[in-house]
Amino acid sequence: LAFVYYQVMVYVRLYLFCVRIQQDVIDMTSFEVLHMPCVSVVSPARFENFMNNVPLPEYTRRDGRLNLAARLPDRIVKPDLGPKMYNAYGSAAYPREGTTNLHLDMSDAVNVMVYVGIPHANEHSQDAHGCCEEEVAAAAAAIEECDDLTKDRLSDPSLRVGALWHIFAAEDAPKIRQLLLQVGHERGIECEADNDPIHDQCFYLDKELRSRLFEEYGVRGWAIAQCLGDAVFIPAGAPHQVRNLHSCIKIAEDFVSPEHLAHCVMLTHEFRRLSDTHTNHEDKLQIKNIIYHSVKDAVGVLLSRTPVA
């Protein structure tokens, strides 16, 4: 009964969310994020549908052969890798505000855009599709910083851009942290010794801060426009932030790739230095268990193929 109740509440919240998107007047500064844990239990059919359609299944599926988290045996409690559902209103008209502030994750992730809603407007301020001209124009201005290939792609009127991502290389995290500490000091925000300006998700790097990051530290990230149906891959340890240009629903799934295992281990030790009350203090990924069982399986395969003397 508890699972049925939770599923009904999710559907109700989704319905209200979509209804409010279609309203003529909507407070675009507000947003909500809905995490939906235990989807495989609450809605196994939808979970299986997502798993069957997620891109690069060898990495992203729960049982993918290159997803090291799949090596964990069933007898232990496995980490919650998703899927997670994110619902948020758009903020195209507010370029200094982000939907998700700059942060980084211990594991890799794939984020799929499954819905993009643009508010309708009255006949005097709507485009050919009945959408609010101001919102569409603000979204078009936001993607001007994307590369030429992306802008050429978005010239297709059938595409609905929903969110603008900024993803930075994992190796640039120390420089970004140094800038944020400096900015926090200038704004009178002091960071405690057991806290971190990236892990605390206190900052959204707007155009001014991104320019400053490049000028003072030589760091430049990638601006990625995510349209309806697009999947964005976020490497483990890569600082990233999201600004919804229109109201969106996204589904995300975490995974552990062999290529970024070193970042997972490094972040485990980094998170351990945070305060005991910090949400990232615990090793929720169980990275040591993942490494142990991955190596054990690999050694077992090698031994099975070694001829007996």
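Residues numbered from 1 in each chain as written. Predicted model: local features only at pLDDT ≥ 70, side-chain atom pairs only at ≥ 80, totals over all residues. Heavy atoms only, no water.

1. Considerations on the overall build of the protein
In step 1: Tallying secondary structure elements over the protein gives ten helices and eight strands in all.
In step 2: The proportion of buried residues among the 309 residues of the protein is 46%.
In step 3: Counting contacts in the protein only where the partners sit at least 6 residues apart, residues at least 24 apart contribute 81% of the total.
In step 4: Surface accessibility of the protein: about 16,700 Å² in total, with carbon and sulfur atoms responsible for 57%. (Helix = DSSP H or I, 4+ residues; strand = E, 2+ residues; numbered from the N terminus. Buried < 20%, exposed > 50% of the residue type's maximum accessible area, 1.4 Å probe, protein only. Contact = heavy atoms within 4.5 Å. Areas by Shrake-Rupley, 256 points an atom, 1.4 Å probe, with all protein chains shown as cover.)

2. Some points on the packing of helix α9 (residues 261–272) against helix α10 (residues 287–305)
In step 1: Two elements in contact, α9 and α10, have axes whose closest approach is 10 Å; the angle formed by their N-to-C orientations is 150°. The orientation of α9 with respect to α10, classified from their angle, is roughly antiparallel. By crossing handedness, the relation of α9 to α10 is classed as left-handed. Residue-level inspection shows L261, C264, V265, T268 and R272 of α9 in contact with α10, the latter providing I287, K288 and I291. (Axes fitted to C-alpha atoms, helices over the stretch in contact; angles between N-to-C directions. Parallel < 35°, antiparallel > 145°, perpendicular 65-115°, else oblique. Left-handed = near helix turned anticlockwise from the far one by under 90°.)

3. A few points about a nonpolar patch on the surface
In step 1: Residues V295, V299 and L303 make up a contiguous nonpolar surface patch of roughly 270 Å² in combined accessible area.
In step 2: With respect to the helices and strands, L303 occurs in helix α10. (Patch = residues over 30% accessible without salt bridge, like charges linked within 9 Å, V, L, I, M, F, W, Y side chains within 5 Å. Salt bridge = Lys/Arg side-chain N within 4 Å of Asp/Glu carboxyl O.)

4. Things to note about the layout of surface pockets
With a probe scaled to a water molecule rolled over the atoms, the places where space remains empty come into view.
In step 1: Taken as a whole, the second largest pocket encloses approximately 590 Å³ of empty space.
In step 2: Counting only elements with at least two residues in the lining of the second largest pocket, the list comes to α5 (133–142), α8 (207–217) and β5 (222–227).
In step 3: Here the lining of the second largest pocket takes five residues from α8, the largest share from any one element.
In step 4: Across the lining of the second largest pocket, the residue classes tally to 13 nonpolar, three polar and eight charged. (1 Å grid on protein atoms, 1.4 Å probe; cavity = no way out; pocket = protein on both sides within 12 Å on 5 of 7 lines; lining within 4 Å. Points joined across faces, edges and corners; volume = space filled by probe spheres on them. Nonpolar A, V, L, I, M, F, W, Y, C, P; charged D, E, K, R; others polar.)

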